[in-house]
Amino acid sequence: MIDFGKGLVISIGKMNNFLNVHDVKDIGALVKEALKCKHNPRADHDLGQHKTLGLIFMNPSLRTRLSTQKAGLNLGMDVMVMNFSGEGWALETEEGVIMNGDKAEHIKEAAAVVGAYCDIIGLRSFPSLKDRELDYSDHVINAFVKFAGVPIVNLESATVHPCQSLTDIITIEETKQVAKPKVVLTWAPHPRALPQSVGNSFAEWINKTDYEFVIANPEGYDLSQEFTRNAKVVHNPDVAYEGADYIYAKNWSSYEHYGQILCQDENWMVDERKMKLTNDAKFMHCLPVRRNVVVSDGVIDNDSSIVIQEAANREFAVQAVLKTILSNG
Ligand code: SN0
């Protein structure tokens, strides 16, 4: 294990914002840092003293909210959490609008004000799933980057969920039985239209590893190539499951037919039959998960399911990110 000590910034590289994989210079070093945090969570309790972490949620959260709050507390930070949806003023995000409708506050002021109270801001803001171009400009988180004046940590934006993807790599590194496991990202059915963020982000991060990577989804559900790059994409789940070491399930709505639900075929649910095709694969999901829609009880309740370990690792993934940002000076 590398001894990071005071050399954290040198090892991992300076990090001003954590918006996506491109903000990480050395994923391996960040994974090691997270495992170091897991080994001794309170070791850096002095680092965040008298620093305030503000967590802003435009959408619901369980793991992200509690793990990020816990990570901030582990680092000695003061943590404030606010749900904007329902509790905050309705925000206008467009430029140059005459604000005589329902929206009381512009994101320019809101971001700047939160930035005035905080040293680091974590932000969650899902896509509309109505306007692809606007969603994929990630305009809400980018407005915070522009107007808050402090480092921003992405707690799931319209396009990516980097805290989850970092966690997923940590969890694979902890559990893998072979050096280069076969990792399958499989689409699964869902009654609601969900963002592509978790799938996009998982693809973008796994593409940076030397794992064998296959994405399985029905026709019409291919993710944007901006994130999948050269990853192998198959439209038959049985082909993908063959010999897999990890089955990572996630639903997303169509990118091509933006935001639509095109398929509810239960053959795409992760079940015992398909898991038998794998190399005794571990089952992963970011949670929350719809039992017997996305994954059968038999799979998620089996020992090969590592969803709780995965969720627990969220704390240490984001702690490594916060620690790196705090160590910038
Ligand atoms: C979110 C998503 O991006 O898919 C957050 C995952 C970390 N998931 C949901 O919104 C699930 C909602 C549901 O109704 O199951």
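Residues numbered from 1 in each chain as written. Predicted model: local features only at pLDDT ≥ 70, side-chain atom pairs only at ≥ 80, totals over all residues. Heavy atoms only, no water.

Draft legend 1. Seen up close, the nonpolar core. In terms of nonpolar packing, the biggest core is built from 77 residues, with Phe18, Leu30, Val153, Leu166, Phe213, Val270 and Phe283 touching the most fellow members. For this core, the element with the highest residue contribution is helix α15 (residues 314-326), accounting for seven residues. If we skip the residues at most four places from it in the chain, valine 270 touches Thr186, Tyr241, Ile247, Ala249, Met275, Phe283, Val294, Val295, Ser296 and Val299. Formed by 19 residues, the second largest nonpolar core is a distinct cluster that contains Leu91, Ile107, Leu123 and Ala143. (Core = buried A, V, L, I, M, F, W, Y, C linked by side-chain atoms within 4.5 Å. Buried < 20%, exposed > 50% of the residue type's maximum accessible area, 1.4 Å probe, protein only. Helix = DSSP H or I, 4+ residues; strand = E, 2+ residues; numbered from the N terminus. Contact = heavy atoms within 4.5 Å.)

Draft legend 2. The arrangement of the pattern of salt bridges in detail. Evaluated as defined, the whole model comprises eleven salt bridges. When the shortest N-O distance is used, the salt bridge between lysine 70 and glutamate 315 registers 3.3 Å. Of this pair, lysine 70 sits in helix α3 (residues 63-74) while glutamate 315 is found in helix α15, placing the two residues 245 residues apart along the sequence. We note a salt bridge from glutamate 173 to lysine 176, for which the minimum N-O separation is 3.1 Å. Glutamate 173 sits in the partly exposed class, given a relative accessible area of 33%. Its relative accessible area of 25% is what places lysine 176 among the partly exposed residues. What you see here is one network of salt bridges that share partners, running through Glu33, Asp44 and Lys323. (Salt bridge = Lys/Arg side-chain N within 4 Å of Asp/Glu carboxyl O.)

Draft legend 3. Molecular detail of the sheet that holds strand β9 (residues 232-234). Taken in spatial order, the five strands line up as β9-β8-β7-β10-β11 in an open sheet, and their pairing is parallel. Each edge of the open sheet carries a strand with a single partner, namely β9 and β11 (282-284). Along the sheet, successive strands turn relative to each other by an average axial angle of 20°, direction set aside. Helix-sheet contacts for helix α9 (residues 197-206) involve β7 (182-187), β8 (212-216) and β10 (246-250), and the interaxial angle to β8 is about 160°. (Pairing = 2+ DSSP bridges. Axes fitted to C-alpha atoms, helices over the stretch in contact; angles between N-to-C directions.)

Draft legend 4. Up close: empty space enclosed by the protein. One pass over the structure, following the stated rule, counts one cavity of 30 Å³ or more. Here the largest cavity defines a volume of roughly 30 Å³. Taken together, Trp187, His190, Arg192, Ala193, Tyr221, Asn251, Trp252, Ser253, Ile261 and Cys263 make up the full set of residues lining the largest cavity. Here the lining of the largest cavity is composed, by residue class, of six nonpolar, three polar and one charged. (1 Å grid on protein atoms, 1.4 Å probe; cavity = no way out; pocket = protein on both sides within 12 Å on 5 of 7 lines; lining within 4 Å. Points joined across faces, edges and corners; volume = space filled by probe spheres on them. Nonpolar A, V, L, I, M, F, W, Y, C, P; charged D, E, K, R; others polar.)

Draft legend 5. Highlighting a nonpolar patch on the surface. On the surface, Met80, Val113 and Tyr117 cluster together into a nonpolar patch covering about 300 Å² of accessible area. Turning to its location among the elements, tyrosine 117 is positioned in helix α5 (residues 107-117). (Patch = residues over 30% accessible without salt bridge, like charges linked within 9 Å, V, L, I, M, F, W, Y side chains within 5 Å. Areas by Shrake-Rupley, 256 points an atom, 1.4 Å probe, with all protein chains shown as cover.)

Draft legend 6. Expanded view of the sheet that holds strand β1 (residues 52-57). Pairing within the open sheet is parallel, and its four strands lie in the order β2-β1-β5-β6. In this open sheet, the two strands that pair with only one neighbour each are β2 (78-83) and β6 (152-154). Looking at each pair of strands side by side, their axes are set apart by 20° on average, direction ignored. Relative to β2, β1 is paired through six bridges, and the arrangement is parallel. Each bridged residue has a counterpart across the sheet, and for leucine 55 the counterpart in β2 is valine 81.

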